[in-house]
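# Remarks on the overall topology
Given next are the chains, with one letter for each unit.
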Amino acid sequence: MLVAAAVCPCPPLLVPEVAAGAAPELAAARAACTDALGVLAASRPDLLVVVGPAEESGRGLFPEGAPGSFRGFGVDLDVRLGRGASPAGSPERPLPPSLAVAAWLLERTGWSDAPVEGLGVGEPLEVERCVQAGAGITARADRVALLVMGDASACRTLKAPGYLDERAAGFDAEVARALGTADLAALKALDAELAYELKVSGRAPWQVLAGAAEGADLGGALLYEDAPYGVGYLVAAWS
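All of the points below concern the structure found in this document.

On to the overall build of the chain. Looking only at helices and strands, the chain features 8 helices and 9 strands. Against the compact-globule benchmark of 18 Å for 239 residues, the chain has a radius of gyration of 16 Å, which places it among compact chains. Projected onto its principal axes, the C-alpha positions of the chain cover 50 × 45 × 30 Å. When burial is assessed residue by residue, the chain has 54% of its 239 residues classed as buried. Put simply, of all contacts in the chain between residues at least 6 apart along the chain, 75% involve residues at least 24 apart. Roughly 10100 Å² of accessible area belongs to the chain as shown, and the carbon and sulfur atoms make up 53% of that amount. Computed over 18 positive and 30 negative side-chain charges, the inter-centroid distance for the chain is 3 Å.

Let's shift gears to the packing of helix H4 (residues 127–138) against helix H8 (residues 203–212). A pair of packed helices is characterised by two quantities: the angle between their axes and the separation of those axes. Where H4 meets H8, the closest approach of the two axes is 6 Å, and the angle between their N-to-C directions is 50°. Relative to H8, the element H4 lies oblique. Judged by the sense of rotation from one axis to the other, the crossing of H4 with H8 is right-handed. In this structure, H4 contributes Val 127, Cys 130, Val 131, Ala 133, Gly 134, Ala 135, Ile 137 and Thr 138 to the contact, and H8 contributes Arg 203, Ala 204, Gln 207, Val 208, Gly 211 and Ala 212. Residue composition of the contact of H4 with H8, by class: 9 nonpolar, 4 polar and 1 charged.

What follows covers the side chain of Asp 165. In this structure, Asp 165 sits in the loop between strand S7 (144–149) and helix H5 (168–181). At 2.9 Å, the side chain of Asp 165 forms a polar contact with the side chain of Arg 167. In contact with Asp 165, not counting residues within four places along its chain, are Cys 155 and Leu 198.

Sheet architecture is open: 7 strands sit in the order S3-S6-S2-S7-S1-S9-S8, paired in mixed fashion. A single partner strand is all that each edge strand has here, and the edge strands are strand S3 (60–62) and strand S8 (220–226). Here the average twist between neighbouring strands, direction ignored, is 20°. Pairing between strand S2 (residues 47–53) and S7: 5 bridges, direction parallel.

If you walk through the whole model with that rule in mind, you get 10 salt bridges. Measuring nitrogen to oxygen at the nearest pair gives 2.7 Å for the salt bridge that ties Arg 140 to Glu 117. Of the two residues, Arg 140 is situated in the loop between H4 and S7 and Glu 117 in strand S6 (residues 116–121); the sequence distance between them amounts to 23 residues. For Glu 117, a relative accessible area of 22% puts it in the partly exposed group. A salt bridge links Glu 197 to Arg 167, with the nearest nitrogen and oxygen atoms 2.9 Å apart. A residue pair is termed long-range when its members are at least 10 positions apart, and Glu 197 in helix H7 (residues 192–197) and Arg 167 in the loop between S7 and H5 qualify at 30 residues. Relative accessible area serves as the criterion here: at 37%, Glu 197 is assigned to the partly exposed category. Classification of Arg 167 by relative accessible area gives partly exposed; the value is 39%. A single salt-bridge network, built from bridges that share partners, covers Arg 71, Asp 76 and Asp 78.

Between helix H2 (residues 27–42) and helix H3 (residues 97–108), the shortest axis-to-axis distance is 10 Å and the interhelical angle comes to 75°. One element, H2, and the other, H3, form an angle in the roughly perpendicular class. Across the interface between the two elements, Arg 30, Cys 33, Thr 34 and Leu 37 from H2 touch Trp 104, Leu 105, Leu 106 and Arg 108 from H3. Tallied by class, residues from the contact of H2 with H3 come to 5 nonpolar, 1 polar and 2 charged.

The rules we used
- Residues numbered from 1 in each chain as written.
- Predicted model: local features only at pLDDT ≥ 70, side-chain atom pairs only at ≥ 80, totals over all residues.
- Heavy atoms only, no water.
- Helix = DSSP H or I, 4+ residues; strand = E, 2+ residues; numbered from the N terminus.
- Rg over C-alpha atoms; globule rule 2.2 N^0.38 Å.
- Buried < 20%, exposed > 50% of the residue type's maximum accessible area, 1.4 Å probe, protein only.
- Contact = heavy atoms within 4.5 Å.
- Areas by Shrake-Rupley, 256 points an atom, 1.4 Å probe, with all protein chains shown as cover.
- Lys, Arg positive; Asp, Glu negative; His and termini not counted.
- Charge placed at Lys NZ, Arg CZ, Asp CG, Glu CD.
- Axes fitted to C-alpha atoms, helices over the stretch in contact; angles between N-to-C directions.
- Parallel < 35°, antiparallel > 145°, perpendicular 65-115°, else oblique.
- Left-handed = near helix turned anticlockwise from the far one by under 90°.
- Nonpolar A, V, L, I, M, F, W, Y, C, P; charged D, E, K, R; others polar.
- Polar contact = N/O pair within 3.5 Å; in protein donor to acceptor, adjacent residues only side chain to side chain.
- Pairing = 2+ DSSP bridges.
- Salt bridge = Lys/Arg side-chain N within 4 Å of Asp/Glu carboxyl O.

Written out as structure tokens, the structure reads:
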């Protein structure tokens, strides 16, 4: 059963070493992520599952201890998912960037409350399969918590990665409302094609969350909403 969830953005710029001189610009987002992870810890889960967007090579399950790195972003910084080492004999498949950011957040907050597993999901994953994946996650332990990584649109300003799209602000506002109120139906109803056009990375992970939360009767709170660099970043906590 899902007992809590935290939703966080996943730009590598969230890591101060990657952001360098621009690090203060996301200080409020980092603080909100810390608060959201505190909700997860307070729920005393038996298992924490981290869900984030991934390219094809990063899709699938990752065990506790899976390695990640920010070397591709010019920073000599390595992380591992959770506190354990990879199981003996298992291949050291690197975490996709979204899960590496999650691993950094967990390390930063000193997570030691439950074992951690990762799930990388592809942007094209249909809503039905996202919901099924979420339901499967909750069957893995009696008390499951989710850390859900993903960004909203990347088209909020002229200088945004996807340039300005007038539809982006409305899409992001609906996502913020749905995450802030734990509106499962609204999350499931997100338009996958529009999300793709707006360069939204969080659509599939959010719909995995919606599937996991069925029947859990959780309430939501929006802790952060902004669009620095023209990209929508949202932080929410469900409990």
